[in-house]
Amino acid sequence: MPKENLTFDTLAAQAGSHADPNGAVAFPLYLSSNYRHLSLQAARNFDATTGYTYSRLATPNRRVLEKTLAQLEAGTHAFALSSGMAAIQLALSILKTGEEVISLDDLYGGDFRYFRYLESHAGIHFKQWNGEKVADLIAQITAKTRLIWLETPSNPTMKQLDIQTIANQVHAKNPQVLVAVDNTFLTPVYQRPLTLGADIVVHSATKYLSGHNDLLGGVLVCKDDELAKEYYDYYLTTGDTMSTFDSWLLLRSLKTLSVRMQRHTSNAQAVVEYLKQAPQVTKVLYPGKGGMVSFYLQSEAQVEHLLNHVKVISFAESLGGVESLITIPYYQTHADVAENQRARLGITPQLLRLSVGLEDPQDLIADLEQALSEK
Ligand SMILES: *Cc1c(COP(=O)(O)O)cnc(C)c1O
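Under an unreviewed UniProt entry, the name given to the chain is PLP-dependent transferase, and the organism recorded is Limosilactobacillus alvi. Recorded in UniProt for the chain, the comment headed Cofactor (unreviewed entry) runs: "pyridoxal 5'-phosphate". What UniProt records for the chain under Sequence similarities (unreviewed entry) is the sentence "Belongs to the trans-sulfuration enzymes family."

Structure, rendered in structure tokens:
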């Protein structure tokens, strides 16, 4: 087995490479849904079996994937789930009726839909913070607050938060309050929230972690044994686990995560330079790294023209893959966010969100240029 102190890139490149008992360099795909007990005595004592019984509980592929994810996010326990929303559901599963969550006001749109469900069905309260003064967040913490929910950079307006300062101040006010970060946009290549004091990290693995627009998945990583135990019980019982095949595919994708993120960044930087000087573009939002770029056009007519004329870039939801995608949050990912909240955040029909892929950046720029120009 490789040493634990290997660097991120080595751990990622060799994900699963030393885990197969038969010595396979690429970890094989185990599709069996169940595993034979060695004996009744072995069945009574889980440790004495092969370690696997039934695939909802664990599979060799999911286990090696989860071990790798825990290492990459600097945690001790990782859970691979059937979608990003399933990971968010798992994260919030610890909440009890009457408890409170304070979240950033700009998040993946599905989060708000789920928060509303928990308000009306489970009596959990949600408050919002605008991401500006940490003191305003701290002032909102009460005896009922259990969780702080953050996303940085945020989707789609790219608010950037100082996770370390927030986690320090939240824990100083009340060490029982947990800080969770959705790390989908930057991935552990650029940001490892658990090393900055956060308690929980979640991902939509559908995006950069898998990176090829070909699977749906979610990840939760934490670093506390008791919290992990609570999550484990819920996870096993509800069974929102990642399929064996997707686990295999995701482990394979993690091997190239670092290289992909570097190229997403350099491509996005080139596209941002172009957008900044394009006469139709009024504002560009880019956090400096990663592949996500949001920008505003002067008019809705220009937006419609662009979406109808892109040829290399696809007009499609989702993000984080090899292929560049463009979407309009107002009508798509954030359609369910209340109109006054969208207006306050600047999620207007002129705002576009571009996931810059791994194509030649000059082809992407030429595509945007032709789609922006009215012939
Ligand atoms: C897509 C996304 C989600 C939801 O993940 P799914 O895999 O679609 O369920 C959550 N958070 C962020 C930031 C996302 O981009």
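Novice: In this structure, what is going on with empty space enclosed by the protein? I would like to understand it.
Specialist: Rolled over the atoms, a probe with the dimensions of a water molecule shows which regions are left empty. A complete count under the given rule lists 1 cavity of 30 Å³ or more for this structure. The space that makes up the largest cavity amounts to roughly 40 Å³. Considering the residues around the largest cavity, the lining is formed by Leu81, Ala86, Gln89, Leu90, Tyr234, Tyr235, Thr238 and Asp240. The set of elements that each furnish at least two residues to the lining of the largest cavity consists of helix H4 (84-92) and helix H9 (225-238). When its residues are assigned to classes, the lining of the largest cavity shows 5 nonpolar, 2 polar and 1 charged.

Novice: Sorry if this is basic, but what is going on with the site of the ligand here?
Specialist: The ligand sits among 15 residues. The nearest are Gly84, Asp182, Ser204, Thr206 and Lys207. A distance of 2.9 Å separates an oxygen atom of the ligand from a polar backbone atom of methionine 85. The contact in question runs from an oxygen atom of the ligand to an N or O atom on the side chain of lysine 207, over 2.7 Å. Burial of the ligand by the protein chains amounts to 93% of its free accessible area of 380 Å². Of the residues belonging to the shell around the ligand, the class tally is 5 nonpolar, 7 polar and 3 charged.

Novice: Could you clarify how one ought to interpret the side chain of arginine 62 in this entry?
Specialist: Counting through the fold element by element, arginine 62 comes out in helix H3 (residues 60-72). Buried within the structure, arginine 62 lacks any salt-bridge partner; glutamate 66 is the closest side chain of opposite charge, at an N-O distance of 4.0 Å. A polar atom in the side chain of arginine 62 sits 3.1 Å from the side chain of tyrosine 235. In contact with arginine 62, other than residues within four places in its own chain, are Ser55, Arg56, Leu57, Ala80, Tyr235, Thr241, Met242 and Ser247.

Analysis parameters
Residues numbered from 1 in each chain as written. Predicted model: local features only at pLDDT ≥ 70, side-chain atom pairs only at ≥ 80, totals over all residues. Heavy atoms only, no water. UniProt positions renumbered as here; feature names shortened; annotations may be inferred. 1 Å grid on protein atoms, 1.4 Å probe; cavity = no way out; pocket = protein on both sides within 12 Å on 5 of 7 lines; lining within 4 Å. Points joined across faces, edges and corners; volume = space filled by probe spheres on them. Helix = DSSP H or I, 4+ residues; strand = E, 2+ residues; numbered from the N terminus. Nonpolar A, V, L, I, M, F, W, Y, C, P; charged D, E, K, R; others polar. Near = heavy atom within 4 Å. Polar contact = N/O pair within 3.5 Å; in protein donor to acceptor, adjacent residues only side chain to side chain. Areas by Shrake-Rupley, 256 points an atom, 1.4 Å probe, with all protein chains shown as cover. Buried < 20%, exposed > 50% of the residue type's maximum accessible area, 1.4 Å probe, protein only. Lys, Arg positive; Asp, Glu negative; His and termini not counted. Salt bridge = Lys/Arg side-chain N within 4 Å of Asp/Glu carboxyl O. Contact = heavy atoms within 4.5 Å.

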